[in-house]
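# Architecture at a glance
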Amino acid sequence: MLNLSGVTRRYGETVALEDLNLIVPDDTYMSLLGASGAGKTTLLRLIAGFEEPNAGQISLNGERLDGKAPHRRDIGFVFQNFALFPHLTVQENVEFGLKYRETGACADPKELTERAADALQLVGLDGFGHRGVGEISGGQKQRVALARTLVTEPRIVLLDEPLGALDANLRNRMCDELRAIRERLRVSFLHVTGSETEALTMGDTVAVLSDGRIVQADGSTELFTRPHNPAAARHLNAWNLLEGTAWAGALDTSAGMLPLSRPLAEGAAAQIALRFDQLGVSDLDAVPGGRSHFTARYVTGEFNGPTALSFFRAPDGALIQVVDHLGDPRLPELTEGRSYALHYAPGDALLFEGAST
Ligand SMILES: Nc1ncnc2c1ncn2[C@@H]1O[C@H](COP(=O)(O)OP(=O)(O)OP(=O)(O)O)[C@@H](O)[C@H]1O
């Protein structure tokens, strides 16, 4: 188990990570989701030992890692650009890590060859060992980078945006392969990404990093259906947030008075989160019974194949998304510029106390 406790990392005035707590359990695939600049790479660099935290502790299976040199940590790192040696063959790239490691270096040429071949087989690159790095595809480079890390039998593997350099089709295939390889090895993978879809697809658990802290770490279904705070909800495309002030048992928002699911003190700031597949659309005078609603203007639609997104503007300018599934369409014909009632079951709304930051 990897345990980060109270980890802070500053660069001059910039606080990249602040009092961050995270547990990566054994034998798990964890995604780390965060926007650009959230501190994802910094976090991986601290775990790998390329940098040290200003405060806090990092331990692996109870043993302190901070202060230990990177090559003594038994942690694998797969870089976004793969960082392969261009003048070496695929096999030599994989052997490199084993040959030159400080402890447990392997000098026996036969063992080196065998272990590198095993690692290449594990990532599906049997028979590619003799090729130059310039003679293989992007997806294959990715797998060589993984094999080079896995051959050293790390206790945990850190992957920094590992699919970022691949085209969309290959990315989908590598998603499946990465999961399958990890399941065979049973070591933990910590996979950093800025893509919500990738994080939810890959991770048994998804940790959301926002402003230098983990705001939620949960199973992907739990995170998607029940974000615990606005910071986590904001990272999920599915959730619309409306902010306001509690007043007379409702939340006074720019879109109107919305009912509160629990009482709040008069004047308290709060946000209501509504999921895009739980919002219905109707004419203003035709809101179905028992549904809460607010008014918003239809802006435009976006067709994504099996789903279509409709975008509305609340009076404060906030963009509200509603999703429709083409197999089961439920939205009426919409006219750009016209106002509609967006309605929802009151029990579906999540209520978060506090103002947006
Ligand atoms: N060496 C450095 N010197 C100064 N500031 C830094 C340094 N490295 C990172 N930062 C700052 O720390 C913050 C976190 O950076 P980091 O690279 O960890 O973010 P990230 O989530 O990986 O972003 P991206 O997805 O864009 O790569 C940013 O504000 C960044 O500008």
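Scroll up to find the structure.
Structural notes, computed from the coordinates.

Rules used throughout
- Residues numbered from 1 in each chain as written.
- Predicted model: local features only at pLDDT ≥ 70, side-chain atom pairs only at ≥ 80, totals over all residues.
- Heavy atoms only, no water.
- Helix = DSSP H or I, 4+ residues; strand = E, 2+ residues; numbered from the N terminus.
- Expected span 1.5 Å × (residues − 1).
- Buried < 20%, exposed > 50% of the residue type's maximum accessible area, 1.4 Å probe, protein only.
- Contact = heavy atoms within 4.5 Å.
- Pairing = 2+ DSSP bridges.
- Axes fitted to C-alpha atoms, helices over the stretch in contact; angles between N-to-C directions.
- Salt bridge = Lys/Arg side-chain N within 4 Å of Asp/Glu carboxyl O.
- Near = heavy atom within 4 Å.
- Polar contact = N/O pair within 3.5 Å; in protein donor to acceptor, adjacent residues only side chain to side chain.
- Areas by Shrake-Rupley, 256 points an atom, 1.4 Å probe, with all protein chains shown as cover.

## What to know about helix α4 (residues 138-150)
- For α4, with 13 residues, the first-to-last C-alpha span of 18 Å sits near the 18 Å given by 1.5 Å per residue.
- Most of α4 sits inside the fold, with 11 of its 13 residues counted as buried.
- Here α4 has its buried residues at G139, Q140, Q142, R143, V144, A145, L146, A147, R148, T149 and L150.
- For α4, the elements touching its buried residues are β6 (75-78), α2 (90-99), α3 (109-122), β7 (156-160), α5 (168-185) and β8 (188-193).

## Let's talk about the sheet that holds strand β5 (residues 63-64)
- Taken together, four strands build an open sheet; the order of strands is β2-β1-β4-β5 and the sheet is antiparallel. Of all strands in the sheet, those bounded by a partner on one side alone are β2 (14-24) and β5.
- Looking at chain direction, strand β1 (residues 2-11) and β2 are connected through seven bridges and run antiparallel. Directly across from R10, in β2, lies its bridge partner V15.
- Here helix α1 (residues 40-48) sits on the sheet in contact with β1, β2 and β4 (55-60), set at roughly 120° to β1.

## Quick look at the pattern of salt bridges
- Across all of its chains, the model carries 19 salt bridges by this definition.
- Close ionic contact of R179 with D204 constitutes a salt bridge, the shortest N to O distance being 3.1 Å. Here R179, found in helix α5, pairs with D204, found in the loop between α6 (196-202) and β9 (205-210); they are 25 residues apart in sequence, far enough to count as distant.
- Salt-bridge contacts for R275 lead to D277; the nearest nitrogen and oxygen are separated by 2.7 Å.
- For R275, a relative accessible area of 12% puts it in the buried group.

## Quick notes on the sheet that holds strand β11 (residues 239-247)
- Strand order in the open sheet made by the five strands is β13-β12-β11-β14-β20, with antiparallel pairing throughout. Each of the sheet's edge strands pairs with one partner strand only, and the pair in question is β13 (256-259) and β20 (350-353). For this sheet the average axis-to-axis angle between neighbouring strands, irrespective of direction, equals 40°.
- For β11 and strand β14 (residues 269-275), the ladder comprises seven bridges, and the chain directions are antiparallel. When the bridges of β14 are listed, G244 appears paired with A270.

## Re the site of the ligand
- All residues adjacent to the ligand are Y11, T14, A16, A35, S36, G37, A38, G39, K40, T41, T42 and E161.
- The separation between an oxygen atom of the ligand and a polar main-chain atom of A38 is 3.1 Å.
- In this structure, an oxygen atom belonging to the ligand sits 2.7 Å away from a side-chain N or O atom of K40.
- When the ligand sits alone it has 630 Å² of accessible area, and the protein chains cover 56% of it.
- Those elements giving two or more residues to the shell around the ligand turn out to be β2 and α1.

## Overview of the environment of Q80
- Within the element layout of this structure, Q80 appears in the loop between β6 and α2.
- A relative accessible area of 36% means that Q80 is categorised as partly exposed.
- Distance in space between the C-alpha atoms of Q80 and P162 is 5.0 Å, their sequence separation being 82 residues.

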